[in-house]
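Examining the three-dimensional arrangement
Read off the chains here:
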Amino acid sequence: MTSKAIQRRPCSSETDKTSEKRMETTVSDPVTEPLLGNCVHEDKSKIYEPATRSDFWDGTRQECLRWAHLLSTFIAQSARKIVNVLSEFGSLIARLFGCSSATQGSQNGQTVPLNLSPLQVERLRLLRQRLDVPYDCSSVKHQDALKELWRLAYPNRQLPPLKSDLWKEMGWQNSDPSTDFRAGGFMSLENLIYFARNYPDSFHRLLDKAEGKRAEWEYPFAAGGVNISYMLVQMLDLQSGKMSTKAGVHFVQLLEDDEAAFDNLFCVAFQVLDAQWLARQASYMEFNEILKSTRVQLEKELTTGCISSVQDLPSFRMLKR
């Protein structure tokens, strides 16, 4: 009897078990799976994560730029303030030691003045105001000033009328002194009064021609004073307001400590003029030449060395109170 091999069909349960085993062995390993798989959730996480980091770094970069801008602005403002403080400190030190250079340089052939303090600006403004006042023979104030000059010049003599030949003794060219003020204005009369009050000894020596060998035809004292006032205004360039001369720029520095710097300079100029007059044995017709040489000497003294006041000028020593 022939035996036949009986083939046994697996039962459904075994088949299911084998199928389950196969399915278990085909489950994908997450470690070997591509970074960009087909999983929807993985795609979303992989796509959004880089976008979130970009936004973060963009915001951080903008914040850094904003702070960098603020820091650079602060540094620039601080630097400007430091420069201003150092500049003001340097000007103060220069004024204290009296050796400040009176010019910063030259531009287009004109001297450039240093920055002026508020006090210098105010005193220069008041000085220019005085320049604009002409002598007014109808003004009681101006008449009283002329009478005061007479009393200071001749304290023991009776005051003459405002129109009298006696005024010629003081050096006015006419019996009416008001006709001699055209060039110097009322300020020239103020200069003469200041000279008589503050340096009476020098004033009277020049008025009386008390020193040296004099010419037969002397310069008139009072009229000469008016011309000196006008010469100083031109030398210092006070009328134009541009301060285009070296002497003018140096002079303005003196206003910081001396409100009457112009009046004091007038007294020095008068003394210098008389000294040069005697040294050259000059006469009336040489007055303008002596006036020019007086200007040259004053310009030299103002612009040479460390001058912080009119009293520092070498010629100031000639004045006597």
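Residues numbered from 1 in each chain as written. Predicted model: local features only at pLDDT ≥ 70, side-chain atom pairs only at ≥ 80, totals over all residues. Heavy atoms only, no water.

Examining the pattern of salt bridges
- Under the criterion given, the structure shown has 14 salt bridges.
- The salt bridge partner of R214 is D274, with a shortest N-O separation of 2.9 Å. Pair noted here: R214 is in the loop between α6 (200-207) and α7 (221-236) and D274 is in helix α9 (residues 261-280), with a separation of 60 residues, a long-range link.
- Judged by relative accessible area, D274 falls into the buried class, the value being 1%.
- Residues participating in the shared-partner salt-bridge network are K209, R214, E218 and D274. (Salt bridge = Lys/Arg side-chain N within 4 Å of Asp/Glu carboxyl O. Helix = DSSP H or I, 4+ residues; strand = E, 2+ residues; numbered from the N terminus. Buried < 20%, exposed > 50% of the residue type's maximum accessible area, 1.4 Å probe, protein only.)

Some words on the confidence of the model for the chain
- Counting all residues, the mean pLDDT for the chain is 78, and 68% of those residues have values of 70 or more.
- Residue range residues 1-52 is modelled with pLDDT below 50. Its contacts to residues more than four positions away, or to other chains, number seven contacts.
- Confidence over residues 94-113 falls short of pLDDT 50; this stretch has 31 contacts with residues more than four positions distant or in other chains. (pLDDT = per-residue confidence, 0-100. Contact = heavy atoms within 4.5 Å.)

A look at the packing of α7 against α9
- Relative to each other, α7 and α9 sit at 120°, their axes nearing to 10 Å. Relative to α9, the element α7 lies oblique. Relative to α9, α7 is oriented so that their crossing is right-handed. Here α7 contributes F221, G224, G225, I228, S229, L232, V233, M235 and L236 to the contact with α9, which in turn contributes F262, L265, F266, A269, F270 and L273.
- Partitioned by chemical class, the residues of the contact of α7 with α9 number 12 nonpolar, three polar and no charged. (Axes fitted to C-alpha atoms, helices over the stretch in contact; angles between N-to-C directions. Parallel < 35°, antiparallel > 145°, perpendicular 65-115°, else oblique. Left-handed = near helix turned anticlockwise from the far one by under 90°. Nonpolar A, V, L, I, M, F, W, Y, C, P; charged D, E, K, R; others polar.)

Points about the nonpolar core
- Counting residues in hydrophobic clusters, the biggest one holds 67 residues, and the most contacted among them are M170, W172 and L232.
- Listing elements by their share of this core, those giving two or more residues are α3 (118-131), α4 (140-153), α5 (185-198), α6, α7, α8 (246-254), α9 and α10 (287-303).
- In terms of residue count, α9 provides more of this core than any other element does, 11 residues in total.
- Those residues in contact with L232 that sit more than four places away from it in its chain are F262, L265, F266, A269 and L298. (Core = buried A, V, L, I, M, F, W, Y, C linked by side-chain atoms within 4.5 Å.)

Points about the packing of α6 against α9
- Taken N-terminus to C-terminus, the directions of α6 and α9 make an angle of 40°; their axes are 11 Å apart at the nearest point. Regarding the angle of α6 to α9, the classification is oblique. Relative to α9, α6 is oriented so that their crossing is left-handed. Contacts between α6 and α9 involve S202, R205 and L206 on the former and, on the latter, F270, Q271 and D274.
- Of the residues contributing to the contact of α6 with α9, the split by class is two nonpolar, two polar and two charged.

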